[in-house]
Each structure stands twice: as C-alpha cells, then as structure tokens.
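Here is what each chain is made of, one letter per residue.
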Amino acid sequence: MSYLAPSEFVTKMVDAGESKIFMSTRDTLIRAFMAGAILALAAVFAITVAVQTGSFLTGAILFPVGFCMLYLMGFDLLTGVFVLAPLALLDKRPGVTANGVLRNWGLVFVGNFAGAITVAFMMAWVFTYGFNIEPGAVGQKIASIGEARTLGYAEHGTAGWFTIFIRGMLCNWMVSMGVVGAMISTTVPGKVISMWMPIMLFFYMAFEHSVVNMFLFPFGLIMGGEFSFADYLVWNEIPTVLGNLVGGLAFTGLTLYVTHIRTQPKRELHAQTV
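Quick caveat: nothing in here was measured; it's all calculated off a predicted structure.

What counts as what
Residues numbered from 1 in each chain as written. Predicted model: local features only at pLDDT ≥ 70, side-chain atom pairs only at ≥ 80, totals over all residues. Heavy atoms only, no water. Salt bridge = Lys/Arg side-chain N within 4 Å of Asp/Glu carboxyl O. Helix = DSSP H or I, 4+ residues; strand = E, 2+ residues; numbered from the N terminus. Buried < 20%, exposed > 50% of the residue type's maximum accessible area, 1.4 Å probe, protein only. Core = buried A, V, L, I, M, F, W, Y, C linked by side-chain atoms within 4.5 Å. Contact = heavy atoms within 4.5 Å. Phe/Tyr/Trp six-rings, centres within 6.5 Å; stacked < 30°, edge-to-face > 60°. Disulfide = S-S within 2.5 Å.

Draft legend 1. Quick look at the pattern of salt bridges. Scanning all chains against the criterion turns up six salt bridges. Notably, a salt bridge pairs E18 with R93, separated by 2.6 Å at the nearest N-O pair. Within this pair, whereas E18 is found in helix 1 (residues 6–21), its partner R93 is found in the loop between helix 5 (78–90) and helix 6 (98–128), the two being separated by 75 residues in sequence. Residue R93 is classed as buried on the basis of its relative accessible area of 18%. Its salt-bridge partner being E208, residue R149 comes within 2.9 Å of it at the nearest N-O pair.

Draft legend 2. Region of interest: the nonpolar core. Residues F9, M13, F63, L78, F202, F215 and F219 are the most contacted members of the largest nonpolar core, which totals 73 residues. Per-element accounting of this core gives the leading share, 11 residues, to helix 2 (residues 25–53). If we ignore the near neighbours within four places in the chain, the residues touching M13 are V83, L84, L87, V180, M183, G253 and L256.

Draft legend 3. Representation of the packing of aromatic side chains in the model. Counted according to the given criterion, the structure contains 17 aromatic pairs. Here F56 and Y204 contribute two aromatic rings whose centre-to-centre distance is 5.8 Å and whose plane-to-plane angle is 35°, an arrangement assigned as tilted. Of this pair, F56 sits in helix 3 (residues 56–62) while Y204 sits in helix 10 (residues 188–204), placing them 148 residues apart in sequence. Ring centres of F63 and F202 lie 5.8 Å apart, and the angle between their planes is 80°; this geometry places the pair in the edge-to-face category. With a gap of 139 residues between them, F63 in the loop between helix 3 and helix 4 (64–72) and F202 in helix 10 connect regions that are remote in the sequence. Accessibility expressed as a relative area gives 1% for F63, which makes it buried. In this structure an aromatic cluster arises from ring pairing among F56, F63, F202, F203 and Y204.

Draft legend 4. Broad picture of the state of the cysteines. Scanning all chains against the criterion turns up zero disulfides. In this model C171 remains outside any disulfide bridge; the closest cysteine sulfur is found in C68, 15 Å from its own. Residue classification places C171 among the buried residues on the basis of a relative accessible area of 0%.

Draft legend 5. How the structure looks around unusual backbone geometry. Notably, K92 is not glycine yet its phi reads approximately 60°, a positive angle. Along the polypeptide, K92 turns up in the loop between helix 5 and helix 6. Assessed through its relative accessible area of 73%, K92 is described here as exposed. Positioned with a positive phi, A206 is a non-glycine residue whose angle comes to about 60°. Relative to the assigned elements, A206 resides in the loop between helix 10 and helix 11 (210–222).

Draft legend 6. Quick look at the environment of F227. Relative to the helices and strands, F227 is located in the loop between helix 11 and helix 12 (229–261). The class of F227 is buried, set by a relative accessible area of 7%. Residues F227 and E147, 80 residues apart in the sequence, show an inter-C-alpha distance of 5.9 Å. The residues contacting F227, other than those within four sequence positions of it, are A143, G146, E147, T150, L151, F217, G220, L221 and Y232.

What follows is the structure in structure tokens.
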C-alpha cells in the first residue's frame, strides 16, 4: 500500500532519529548545509513571486517546493531533527544519549546557518550586481521584514519575545507535520502533497522558522536593514529556535509517539489474552 498506518510511520520517525544521531560529522554538516541553502533559495523565490504578483498567498503556495526538494534529497533541517532525534532517546535505542542528541542539533544548526548565509551573500551579489546598484524591490522587502520582525517585536518587550516564541511553536508544529507527512506515503506524489499543505500554511501565516530566518535576517542586514545582528539574535533567532523545539516536539513528536508507540504493547497483550 502507498499509505502507512500511524504505528508504522511513527516507528520510522524513531528509526530516522536514531540514524541522524549516529551520522558522521561530515555527512551531518553537508546535509544540513544543503538544506539551509535550498530553503533560503525557496524563501527568495516565494518573496520574489509575492512582490512581483502583489499576492503573498501565491508566494506561500509556491514556497513548499524548496522543502520538498531538500526532504526528497535526504537533507536535514534543524526543525526536523528537533522532533526526530529525541524520540530515539525516549525509545531507549542502544547507544543513544542526550549528548548525542545535542551534538546532532548543534551540527545541524551550524550546517543550516552556513548554507543559509552563503545563499544570502550570493543573492545579495545577484540583486546588486556585486553591490554596485540598489537591491531593488525584493531586497528592500526583505530588509523591511527584518526590521519588522526584530525591532517590531522589541517594541513590546517581554510580550514581543514570547510572541516570537509562540509563533516558533506554531511554525514547527506545521513543519514537523510536513516531515511526518512525507513518511506516511511511499510514493513521491504522496510525499509531496503531504509536505505541501502544512508548509504552505506556516509560510502564509508568517510563523517563525529558525532556518528561514537564518537567511532572511542576514540578507536583510546586507541589504541595508536598520537593525543589528544582536537584534536578530535576541529578538528573533533565539526565541524562534526555542519555540521550534518546543512546538515540534510537544505537538507532533511526543503526541504521535505516546499514542501510537507506547500504547502498542498494551494492545498486543490484550489481543493475546482474549
């Protein structure tokens, strides 16, 4: 069948988390770099479409193409390993430790950031012909996004910080649903459709995605955005990363694991006694 039952795809989630923890440093960094770069390109693409058409919905509809490409290639996003890696620890897989989970998160963060900022510099060069002309409408739009989603939150103090945190939670709730959705199907069209829906939702709702932001804000700074790198870290990236971790793990990883893996032995025991 082209569809897997929940108990089957949740087991695949745990298996995937285990394999990522034991992946070599080289492979983890390369896969994370490529994921960050591809997602950055998808963000540029979506914003370009939105600016040129005047329809942000159109940009949101097309943005998931990047997520689908990187997932089908087996590349890793921080938002994905936030959900998958801890499940292997929770499932007590042999050799899996908390340090192993943290190592995986750290390497993926570094790789994602390197890929995203590389594309930021490349696209900045492209938009300005080597920094010789003004960036144009798309560059100006991204710079304004950087200001609004750092200084705009800072104006509200603690309430603004927690607003970013909650938006980060909501974001990875949807993004992790895309990761899991791809495991439900065994066909490429099925995987793409399952990924497309929640990714489109998060982008249109302007939820905060840590890896997308690794591109948007450095690129905004290069394009002349009137905010600092410290503003980006304190008033966006840090609360976004924390929100992505909590949202993806609590709303997707743990709910599926607890209700489909932890309850399975009880069902089997009951079947044996009847």
